[in-house]
Amino acid sequence: YGRFKEHKFTKRFARYPDSPVISTSWHQAAAYCNWLTLREMSADQCCYEIAKNGDATLKEKHLSLQGYRLPTEAEWEYACRAGASTLFYFGDGHDLVGQYATLLKNSGEETSQVGAKKPNDFGLFDMHGNVWCWCQDQYQK
């Protein structure tokens, strides 16, 4: 992300170069997706239209494009759960949460370095806790 945009870490919350990116808007995250797409593909594969003021909108036929985009809430949920049907991907109890997630209780009021906790069964880190993640859409039942 640092190559895409000059980003200064808020030292109170994110003190390390491999801390998660914080204080980024949804529109900036969408612009980052387009930037990644342009590095590997052509502009016609970008999933977002970016206005001069920085506002991003999803292209109508984005699902037919191969560019990077934010996951839908359902895609994020699937990736987070990693096939689990329990409350958390590591089980129903709260006793293991500190091994898998950085939360206010165990954070010292700062983010942990990316990948510092255990991954889920898909090998994905930081799916619970640490920072909020942007999705393409909002939660729907």
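Residues numbered from 1 in each chain as written. Predicted model: local features only at pLDDT ≥ 70, side-chain atom pairs only at ≥ 80, totals over all residues. Heavy atoms only, no water.

(A) Structural view of the layout of surface pockets. One number sums up the size of the largest pocket: a volume of about 1000 Å³. Residue lining of the largest pocket: 32 residues in total, with Val21, Val131, Trp132, Cys133 and Trp134 positioned closest to the centre. Counting residues per element, the ones that place at least two in the lining of the largest pocket are helix 1 (26-40) and helix 2 (73-81). No other element matches the four residues that helix 1 contributes to the lining of the largest pocket. In terms of residue class, the lining of the largest pocket is made up of 23 nonpolar, seven polar and two charged. Counted as a void, the second largest pocket has a volume near 550 Å³. Lining the second largest pocket are 22 residues, with Trp76, Met127, His128, Gly129 and Trp132 sitting closest to its centre. (1 Å grid on protein atoms, 1.4 Å probe; cavity = no way out; pocket = protein on both sides within 12 Å on 5 of 7 lines; lining within 4 Å. Points joined across faces, edges and corners; volume = space filled by probe spheres on them. Helix = DSSP H or I, 4+ residues; strand = E, 2+ residues; numbered from the N terminus. Nonpolar A, V, L, I, M, F, W, Y, C, P; charged D, E, K, R; others polar.)

(B) The arrangement of the pattern of salt bridges in detail. In total, this model carries two salt bridges according to the counting rule given. Where glutamate 75 meets arginine 69, a salt bridge forms, and the shortest distance between an N and an O atom there is 2.8 Å. On the basis of relative accessibility, which here comes to 35%, the residue glutamate 75 falls in the partly exposed class. (Salt bridge = Lys/Arg side-chain N within 4 Å of Asp/Glu carboxyl O. Buried < 20%, exposed > 50% of the residue type's maximum accessible area, 1.4 Å probe, protein only.)

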